[in-house]
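Architecture at a glance
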Amino acid sequence: MAKEIKSRSEDYSQWYNDIVRKAQLADHSAVRGCMVIKPNGFAIWENIKAQLDKMFKETGHVNAYFPLFVPKSLFEAEEKNAEGFAKECAVVTHYRLKNDPAEKGKLMVDPDARLEEELVVRPTSEAIIWNTYRGWINSYRDLPLLINQWANVVRWEMRTRLFLRTAEFLWQEGHTAHSTKEEAIEETRKILAIYADFAENYMAMPVIKGIKSANERFAGAEDTYTIEALMQDARALQAGTSHFLGQNFAKAFDVQFLNQNNKREYVWATSWGVSTRLMGGLIMTHSDDDGLVIPPKLAPTQVVIVPIPKPNEQIGEVADKIMANLRAKGISVKFDTDKKKRPGFKFAEYEMIGIPVRIGIGMRDLEKGVVEIARRDTKEKMSVPVDGVADFVANLLDEIQDNLFQKAVKFRDEHITKADTFDEFKEIINGKGGFVHAHWDGTTETEIKIKELTKATIRCIPLDNEKEEGKCILTGKPSTQRVLFAKAY
RNA sequence: CGGGAUGUAGCGCAGUCCGGUAGCGCGUGCGCCUGGGGGGCGUGAGGUCGCAGGUUCAAAUCCUGUCUUCCCGACCA
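This section reports on the structure supplied with the text. What you see is a predicted model, and the numbers here were worked out from it, not measured in a lab. (Residues numbered from 1 in each chain as written. Chains lettered and ligands numbered in written order. Predicted model: local features only at pLDDT ≥ 70, side-chain atom pairs only at ≥ 80, totals over all residues. Heavy atoms only, no water.)

1. As for the overall build of chain A
The helix and strand inventory of chain A stands at 14 helices and 26 strands. Taken over C-alpha atoms, the radius of gyration comes to 26 Å for chain A, in line with the 23 Å a tight globule of 489 residues would show. The buried share of chain A, reckoned over its 489 residues, is 52%. If you take every contact in chain A between residues at least 6 apart in sequence, the share linking residues at least 24 apart comes to 68%. Here chain A has roughly 23,200 Å² of accessible surface; of this, 48% comes from carbon and sulfur atoms. Each charge class in chain A can be summarised by its mean position, and for the 69 positive and 72 negative side chains these summaries are 3 Å apart. (Helix = DSSP H or I, 4+ residues; strand = E, 2+ residues; numbered from the N terminus. Rg over C-alpha atoms; globule rule 2.2 N^0.38 Å. Buried < 20%, exposed > 50% of the residue type's maximum accessible area, 1.4 Å probe, protein only. Contact = heavy atoms within 4.5 Å. Areas by Shrake-Rupley, 256 points an atom, 1.4 Å probe, with all protein chains shown as cover. Lys, Arg positive; Asp, Glu negative; His and termini not counted. Charge placed at Lys NZ, Arg CZ, Asp CG, Glu CD.)

In structure tokens, the structure reads:
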């Protein structure tokens, strides 16, 4: 059978689309720019969600749910935020349809059912949440308020790609209120650390923690912190953001509290989010020309057992025993008893959908008391005695998780390059790509100019950045540190 | 939102220029043979040609409109 996935070297975009389709992660829908997340894709998202949710709760956050619609007057209250999102908002103007008198069987918007005030479909929930918080916060005893919500949001994007940028997407958005600036900044950084921990230790996707330039900052924030990952095509992906909002929203929505000295103060705020975009990052960090590769910690099914050539009683017995042992260790496993498909076909199919470990059991193996274990990341195959399978697989899953991360780290590190002149800068951006570590004079004007000339943007100023005197690569003006540039998704 | 492509069977495509009532490969149903990396032979099923109008004796094909998807740009998580 012909290869069904375009190779990465031939056409990276097409490869990505092929993976999403062939691994049955998502489909396009009847609605422009909106996707259907299929069971294979949603199962991974559920794992992402479960782990993050646990981490949020361990740090004192609780979940709640706020409405999809935001009255326009609330939405516009925080000016910068409203301005930032205005161009991509869906707006509800009517609340009723009626039969179209001109065309039988058709419906039309009832012109008599215009809303007095339009409702904005949330592109993010700060407005509705801060309007609500005003009623919840009275005293310093009510603080901090640490709330998260899992929700869908809508941003009317011109150009969409499955998972990476869709008009509607799923995400979590945390919205916290604090009595001091320091505590809010600490919260912002704490969440960033959780995101980085999750990205690296669960997704096996190395990230750089940093702070955004003014130009790339979230509208309405004082500071935006980010985790930036690098995809296999050497383009950067913003994988999560955590915002220190200062008192902007507290002032816009008049959220004040009485401090211990009985004085009224505005609260300090944060917001933070990661979205289904992480799925895109996961795909583009690990997958290869044979299909999806999922790190074991997020794989809905970690191990699949394939009988060779087809199941019989003896193979079934061994498979059952192995499954029981694996499950006792908390490993998810599936036994493929489908008699209609051939082993070779199953091998290819499970590689396509990214199951980390495959166990092949045939009569020839059983005569020797072994099974064949194949790992998805390296395609390596090993013979392992039946009795030791559970321990072997448990170790192997850890090893795969680690190997995926190390491989990604190596690639990322090889694609961080220093540039000291603009010619060098352009050569790297247009050549090997990746992050370019270069001096910048700190002005938005220069940043925009560089973007116009090279399409590279400032991804972040790394938190662990070393201070270093230098000259801006474009203007030659003095600079105190290098920042990371890259072409980004 | 601008430029360029695209839409025909589940998937990938040909047919469109030069209108005449739809075809190929893969998949799929059934049968037999096979069986340690996407099997072989045989025999079937499956499409109001994206949608809506129009021209015509006749439209996948020509015209108009509209929508989808992809690529490039602008915008953006």
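Structure's up, so let's keep going.
2. Regarding the packing of helix H2 (residues 39-58) against helix H8 (residues 277-286)
At their nearest, the axes of H2 and H8 sit 10 Å apart, and the two run at 105° to each other. Taken together, the axes of H2 and H8 lie roughly perpendicular to each other. Facing Gly41, Ile44, Trp45 and Ile48 of H2, the residues of H8 in contact are Leu278, Met279 and Leu282. Partitioned by chemical class, the residues of the contact of H2 with H8 number six nonpolar, one polar and no charged. (Axes fitted to C-alpha atoms, helices over the stretch in contact; angles between N-to-C directions. Parallel < 35°, antiparallel > 145°, perpendicular 65-115°, else oblique. Nonpolar A, V, L, I, M, F, W, Y, C, P; charged D, E, K, R; others polar.)

3. Quick look at the protein's contact with RNA strand B
Taken together, the neighbourhood of RNA strand B is formed by 35 residues, with Arg159, Arg165, Phe169, Arg277 and Asp365 sitting nearest. Considering the 4 Å shell around the protein, atoms of RNA strand B inside it are sugar or phosphate in 37% of instances. One nitrogen or oxygen atom from the side chain of Arg358 is found 2.6 Å from a base oxygen belonging to RNA strand B. Between Lys381 and RNA strand B, the recorded distance is 2.7 Å, taken from a side-chain N or O atom to a base nitrogen. Going through the elements one at a time, helix H10 (343-353), strand E19 (357-362) and helix H11 (363-368) are the ones with two or more residues in the surface near RNA strand B. Of all the elements, H10 adds the most residues to the surface near RNA strand B, at seven residues. A breakdown of the residues in the surface near RNA strand B according to their chemical character gives eleven nonpolar, eight polar and 16 charged. (Near = heavy atom within 4 Å. Polar contact = N/O pair within 3.5 Å; in protein donor to acceptor, adjacent residues only side chain to side chain.)

4. Let's talk about the nonpolar core
One finds Ile48, Phe163, Phe198, Met205, Phe425 and Phe485 to be the most contacted residues of the largest nonpolar core, which totals 66 residues. The greatest single-element share of this core, amounting to seven residues, is contributed by helix H6 (residues 181-201). Viewed by domain, this core spans two of them, domain 1 (12-69 + 124-286) and domain 3 (416-486), each represented by three or more residues. Look past the residues within four positions of Ile48 in its chain and what remains in contact with it is Phe198, Leu278, Met279 and Leu298. One finds Leu326, Val357, Ile400 and Phe405 within the second-largest nonpolar core, a separate group that totals 31 residues. (Core = buried A, V, L, I, M, F, W, Y, C linked by side-chain atoms within 4.5 Å. Domains from an automatic or database assignment.)

5. Regarding the packing of aromatic side chains
Any aromatic ring pair is given by two values, namely how distant the centres are and how the planes are angled relative to each other. As enumerated under the stated definition, the model contains 15 aromatic pairs in all. Between the aromatic rings of Trp130 and Tyr133, the centroid separation amounts to 5.0 Å while the plane-to-plane angle is 70°, which identifies the pairing as edge-to-face. Note that Trp130 and Tyr133 are positioned in helix H5 (residues 126-136) at a spacing of three residues, about one turn of the helix. The residues Trp130 and Tyr133 share a single accessibility class, namely buried. For the ring pair Phe422 and Phe425, a centre distance of 5.8 Å and an interplane angle of 10° mean the geometry is stacked. Here Phe422 and its partner Phe425 are both found in helix H13 (residues 422-430), three residues apart, which amounts to about one turn of the helix. Given a relative accessible area of 0%, Phe425 falls into the buried group. (Phe/Tyr/Trp six-rings, centres within 6.5 Å; stacked < 30°, edge-to-face > 60°.)

6. Re the pairing of strand E26 (residues 478-486)
Burial analysis of E26 places seven of its nine residues in the buried class, the great majority of the element. With four bridges joining them, strand E23 (residues 435-439) and E26 adopt antiparallel strand pairing. Pairing of Ala438 across the sheet is with Val483, part of E26. As judged from the three bridges shared by strand E24 (residues 457-462) and E26, these two strands associate in the antiparallel manner. Across the sheet, residue Ile458 finds its bridge partner in E26, namely Phe485. Direction of pairing for strand E25 (residues 467-471) relative to E26: antiparallel, over a ladder of three bridges. Bridge assignment links Gly470 to a residue of E26, and that residue is Ser479. The turn linking E25 back onto E26 is made up of six residues, and Gly476 within it adopts a positive phi angle of 75°. (Pairing = 2+ DSSP bridges.)

7. Quick look at the sheet that holds strand E8 (residues 114-121)
On the basis of which strands lie adjacent, the open sheet formed by three strands has the order E4-E8-E5 and antiparallel pairing. The sheet terminates laterally at strand E4 (69-71) and strand E5 (91-94), the two strands that pair on one side only. Along the sheet, successive strands turn relative to each other by an average axial angle of 35°, direction set aside. Relative to E8, E5 runs antiparallel, the two being bridged by three bridges. What sits directly across from Val92, in E8, is Leu119.

8. Brief notes about the layout of surface pockets
Regions of empty space are outlined by a rolling probe, equal in size to a water molecule, passed over the atoms. Taken as a whole, the largest pocket holds about 1,500 Å³ of empty space. Considering the residues around the largest pocket, the lining is formed by 45 residues, among which Glu157, Arg165, Gln238, Arg277 and Tyr489 are closest to the centre. Residues belonging to the lining of the largest pocket are distributed by class as follows: twelve nonpolar, 17 polar and 16 charged. In this structure, the lining of the largest pocket is formed jointly by two domains, domain 1 (12-69 + 124-286) and domain 3 (416-486), each of which donates at least three residues. (1 Å grid on protein atoms, 1.4 Å probe; cavity = no way out; pocket = protein on both sides within 12 Å on 5 of 7 lines; lining within 4 Å. Points joined across faces, edges and corners; volume = space filled by probe spheres on them.)

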